[in-house]
Amino acid sequence: MGSAIGGCQCGALRYRIRADPLAVTACHCSDCQTQSGSAFSMSMVVGENDFKWTAGTPRIYHTNADSGATKECLFCAECGVRILNRLGSMPGTLNVKPGTLDDTSGVAPTLHVWLVNKQPWLVIPEGTRSFDRNPG
Ligand SMILES: [Zn+2]
Ligand SMILES: [Zn+2]
């Protein structure tokens, strides 16, 4: 991938990432189901220094992760699309939502977490790293 660009649904927010993600996570926790309005959410872990806003200023929603860590959620004030989360437990990194990339074709989860909340119809591919809750 190398370098990637993306943005929100209305185009007010645009960003550029200048390095490959460190990991791509699919999280099946109930919080992620609510946020995504779907069965799970995906996150690309990228270094904070490798991410740059190129248009717009995100709004920030403050909450807490299931672990209790602080969580800043950056989203578009116009169309509501979540671009990334910044977790207090993961300093120096951002969890960017890969569905907001212009080209999503190269993005596949390298691990699945919170399988305790996974929808029963969803089958995790054989050999994929997965955890009942958080890794470790
Ligand atoms: Zn927008
Ligand atoms: Zn989650």
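Residues numbered from 1 in each chain as written. Chains lettered and ligands numbered in written order. Predicted model: local features only at pLDDT ≥ 70, side-chain atom pairs only at ≥ 80, totals over all residues. Heavy atoms only, no water.

## Side note on the pattern of salt bridges
Pairing between side chains of opposite charge can happen when their charged atoms approach one another. For the structure shown, the criterion picks out five salt bridges. With its nearest N and O atoms 2.7 Å apart, the salt bridge here joins Asp-102 to Arg-14. Here Asp-102 is found in the loop between β9 (93-96) and β10 (111-113), whereas its partner Arg-14 is found in strand β2 (residues 14-17), with 88 residues between them in sequence. The class of Asp-102 is partly exposed, set by a relative accessible area of 46%. Glu-72 serves as the salt-bridge partner of Arg-86, at 2.4 Å between the closest nitrogen and oxygen. Of the two residues, Arg-86 is situated in strand β8 (residues 82-87) and Glu-72 in strand β7 (residues 70-75); the sequence distance between them amounts to 14 residues. On the basis of relative accessible area, Glu-72 is assigned to the partly exposed category, the value being 24%. (Salt bridge = Lys/Arg side-chain N within 4 Å of Asp/Glu carboxyl O. Helix = DSSP H or I, 4+ residues; strand = E, 2+ residues; numbered from the N terminus. Buried < 20%, exposed > 50% of the residue type's maximum accessible area, 1.4 Å probe, protein only.)

## What about the packing of aromatic side chains?
Here the structure, examined in full by the defined rule, presents two aromatic pairs. Aromatic pair Tyr-15 and Phe-51: ring centres 5.1 Å apart, planes at 25°, arrangement stacked. Linking Tyr-15 in strand β2 with Phe-51 in strand β5 (residues 51-55), this pair joins segments that are 36 residues apart in sequence. Aromatic side chains Phe-51 and Trp-53 sit 5.0 Å apart centroid to centroid with 85° between the ring planes, which places their arrangement in the edge-to-face category. Owing to a relative accessible area of 10%, Phe-51 belongs among the buried residues under this scheme. With relative accessibility at 25%, the residue Trp-53 sits in the partly exposed group. Each member of the aromatic cluster is reached from another via a ring pair, and the members are Tyr-15, Phe-51 and Trp-53. (Phe/Tyr/Trp six-rings, centres within 6.5 Å; stacked < 30°, edge-to-face > 60°.)

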